[in-house]
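So the chains spell out like this:
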Amino acid sequence: MHKIIINTKSKIDIVNITKDIEGIVKKEDVKSGIVTVFSPHTTSGIIINENADSDVKTDLKHIFEKLVPFSDNYLHMEGNSQAHSLSSLVSPSISIIIEDNKLMFGTWQDVYFIDFDGPRHNREIWVQVISK
Amino acid sequence: MHKIIINTKSKIDIVNITKDIEGIVKKEDVKSGIVTVFSPHTTSGIIINENADSDVKTDLKHIFEKLVPFSDNYLHMEGNSQAHSLSSLVSPSISIIIEDNKLMFGTWQDVYFIDFDGPRHNREIWVQVISK
Amino acid sequence: MHKIIINTKSKIDIVNITKDIEGIVKKEDVKSGIVTVFSPHTTSGIIINENADSDVKTDLKHIFEKLVPFSDNYLHMEGNSQAHSLSSLVSPSISIIIEDNKLMFGTWQDVYFIDFDGPRHNREIWVQVISK
């Protein structure tokens, strides 16, 4: 298993981790298989989305903020129930195909760590490469 | 890796791809493992849901359309930020179990490609079969 | 493939299945790999979230209930379109990393079966362990 460590810079932050995952896939030298990308935190997730227009990231943050209200008579004392629920909706785990030793994405896709409860130091992403 | 190519026929369209995936699993002749089903587009996803009453599909489309508003001062110029966010919420990747050379589903389950930004020609679904 | 069978006790019920999955991983004796956890029902899902403060579970139930309205002129006669859509949003399948023969979680994480259409007897969870 491999670990990527990043810092996030705002409450909801979307950080491109594609090059890190590609580096791991290259190092493992697996011709055909999958890679499972996993966030070990309960207030973040892993998403795949557009890599071209950064406005998509801004719109995603806006949409996620509105989807679940920040305050709503929640019981959890830490005040981050919005972030916990967005983490479960988005999922902390995603699997991507490897073929010909490469991470397989569509033209406009990249993989991102999304923090719903930032900014934070030392957010981890765990990566497992599985051969076919 | 295998590719399935389909056309979608409406803005939100839910297309059953179970027989295609079953055909791939049969051809690969894997006794026990998983299959990862992946959409290489940023405005679509892969879901598993009910295969019996087509009203469920109609209700799902209605619910997804309402969950994220189509217009809301989004920045992204292509006007499909709703579709991008639903793609991340639903996920473009899902893994299904293979056992005894068969795709393992509950009685009422099938696997679907869901387009949030159709109608489109040549939507692809990528499929990787992993042996246990 | 392994099966876990549980009963759920309320409409939305969140049941910790971590010890069951850990038992399966231990029995299979896989040093490094992933485990795919799959719900064969169309009105439930698998989530990973906080294991410390049970208020998080209460808040999650409240948030999911509000996210998709229970009634909204749905067509599906069984009256559980809310549960079907939450199942697709949350996903019935999740993959978790195995390393050093152990299920790898962050400090605050556990894995849960979430029923959106309980209470129900004999809800199943299917589990496939894949070696690296």
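Participant: Mind laying out the overall build of chain A, listing which residues take part and the relevant values?
Facilitator: The helix and strand inventory of chain A stands at three helices and eight strands. Relative to its length of 132 residues, chain A is compact, with a C-alpha radius of gyration of 15 Å against a globular reference of 14 Å. In terms of principal-axis extent, the alpha carbons of chain A reach across some 50 × 30 × 25 Å. Within the span of chain A, comprising 132 residues, buried residues form 64% of the whole. Residue pairs at least 24 apart in sequence account for 82% of intrachain contacts in chain A once pairs closer than 6 positions are excluded. Entry remark: accessible area of chain A is about 5,100 Å², with carbon and sulfur atoms responsible for 49%.

Participant: An account of the nonpolar core is needed here, citing residue identities and associated values.
Facilitator: Leu89(A), Leu89(B) and Leu89(C) are the most contacted members of the largest nonpolar core, which totals 51 residues. Residues contacting Leu89(C), with those up to four places away along its chain left out, are Leu89(A), Phe64(B), Leu67(B), Leu89(B), Val90(B), Leu67(C) and Val68(C). Of all hydrophobic cores here, the second largest spans 32 residues; its members include Ile96(A), Ile98(A), Ile130(A) and Ile130(B).

Participant: Account for the pattern of salt bridges, with residues named and values stated.
Facilitator: Applying the stated criterion across every chain yields a total of 21 salt bridges over all chains. The shortest N-O distance in the salt bridge between Glu28(A) and Lys132(C) comes to 2.6 Å. Residue Glu28(A) is located in helix α1 (residues 18–28), and its partner Lys132(C) is located in the segment after β8 (123–131); the two belong to separate chains. With a relative accessible area of 38%, Lys132(C) lands in the partly exposed category.

Participant: Report on the interface of chain C and chain B, specifying residues and quantitative values.
Facilitator: Opposite the 30 residues of chain C that make contact, chain B presents 34 residues. Of the roughly 2,700 Å² buried between chain C and chain B, counting both surfaces, carbon and sulfur atoms make up 62%. At the boundary of chain C and chain B, one finds 20 residue pairs in polar contact (both at pLDDT 80 or more). Counting residues per element, the ones that place at least two in the side of chain C that touches chain B are β3 (32–38), α3 (81–90), β5 (93–99) and β8 of chain C. Of the residues contributing to the side of chain C that touches chain B, the split by class is 15 nonpolar, 13 polar and two charged.

Participant: For the interface of chain C and chain A, give the residues involved together with the corresponding values.
Facilitator: Contacts between the two partners involve 34 residues from chain C and, on the opposite side, 30 residues from chain A. Both faces considered, chain C and chain A share a buried interface measuring about 2,700 Å² in area, 62% of it formed by carbon and sulfur atoms. Inspection of the chain C/chain A interface yields two salt bridges. For the interface between chain C and chain A, the tally reads 18 residue pairs in polar contact (both at pLDDT 80 or more). For the side of chain C that touches chain A, the elements supplying multiple residues, two or more each, are β3, β4 (44–50), α2 (55–67), α3, β5 and β8 of chain C.

Participant: I'd like a rundown of the relation of the copies chain C and chain A, residues and numbers included.
Facilitator: The two copies are related by a screw operation: chain C maps onto chain A through 120° of rotation and 0.0 Å of translation along the axis, at an RMSD of 0.0 Å. What we have between these two chains is a three-fold relation. For chain C, the minimum C-alpha distance to the rotation axis belongs to Leu89(C) and amounts to 3.5 Å. An overlap of only 15% is found between the interface residues of chain C and their copies at the interface of chain A, pointing to separate contact surfaces.

Participant: So what's going on with the environment of Ser91(C)? Residues and values would help.
Facilitator: Looking at the secondary structure, you find Ser91(C) in the loop between α3 and β5. By relative accessible area, Ser91(C) is classed as buried at 11%. Note: C-alpha distance between Ser91(C) and Val56(C) (35 residues apart in sequence) is 19 Å. Those residues in contact with Ser91(C) that lie beyond four places of it in its chain are Ile94(B), Gly45(C) and Ile46(C). Engagement of the side chain of Ser91(C) in a polar contact is seen with the backbone oxygen of Ser93(C), the distance being 3.1 Å.

Participant: Explain the packing of aromatic side chains to me, and be specific about the residues and the numbers.
Facilitator: All names here are of chain C. Applying the stated criterion across every chain, the model contains six aromatic pairs over all chains. Aromatic side chains Phe-38 and Trp-126 sit 6.2 Å apart centroid to centroid with 25° between the ring planes, which places their arrangement in the stacked category. On the criterion of sequence distance, the pair formed by Phe-38 in strand β3 and Trp-126 in strand β8 is long-range, its members being 88 residues apart. Both residues of the pair, Phe-38 and Trp-126, count as buried. Relative to Phe-116, the ring of Phe-64 has its centre 5.8 Å away and its plane inclined at 90°; by these criteria the two rings are edge-to-face. Remark: Phe-116 occurs in the loop between β7 (109–115) and β8 and Phe-64 occurs in helix α2; sequence separation between them is 52 residues. Of the two residues, Phe-64 and Phe-116, both sit in the buried class.

Cut-offs and rules
Residues numbered from 1 in each chain as written. Chains lettered and ligands numbered in written order. Predicted model: local features only at pLDDT ≥ 70, side-chain atom pairs only at ≥ 80, totals over all residues. Heavy atoms only, no water. Helix = DSSP H or I, 4+ residues; strand = E, 2+ residues; numbered from the N terminus. Rg over C-alpha atoms; globule rule 2.2 N^0.38 Å. Buried < 20%, exposed > 50% of the residue type's maximum accessible area, 1.4 Å probe, protein only. Contact = heavy atoms within 4.5 Å. Areas by Shrake-Rupley, 256 points an atom, 1.4 Å probe, with all protein chains shown as cover. Core = buried A, V, L, I, M, F, W, Y, C linked by side-chain atoms within 4.5 Å. Salt bridge = Lys/Arg side-chain N within 4 Å of Asp/Glu carboxyl O. Buried area = accessible area lost by both parts, 1.4 Å probe. Polar contact = N/O pair within 3.5 Å; in protein donor to acceptor, adjacent residues only side chain to side chain. Nonpolar A, V, L, I, M, F, W, Y, C, P; charged D, E, K, R; others polar. Least-squares fit on C-alpha atoms with pLDDT ≥ 70 in both. Phe/Tyr/Trp six-rings, centres within 6.5 Å; stacked < 30°, edge-to-face > 60°.

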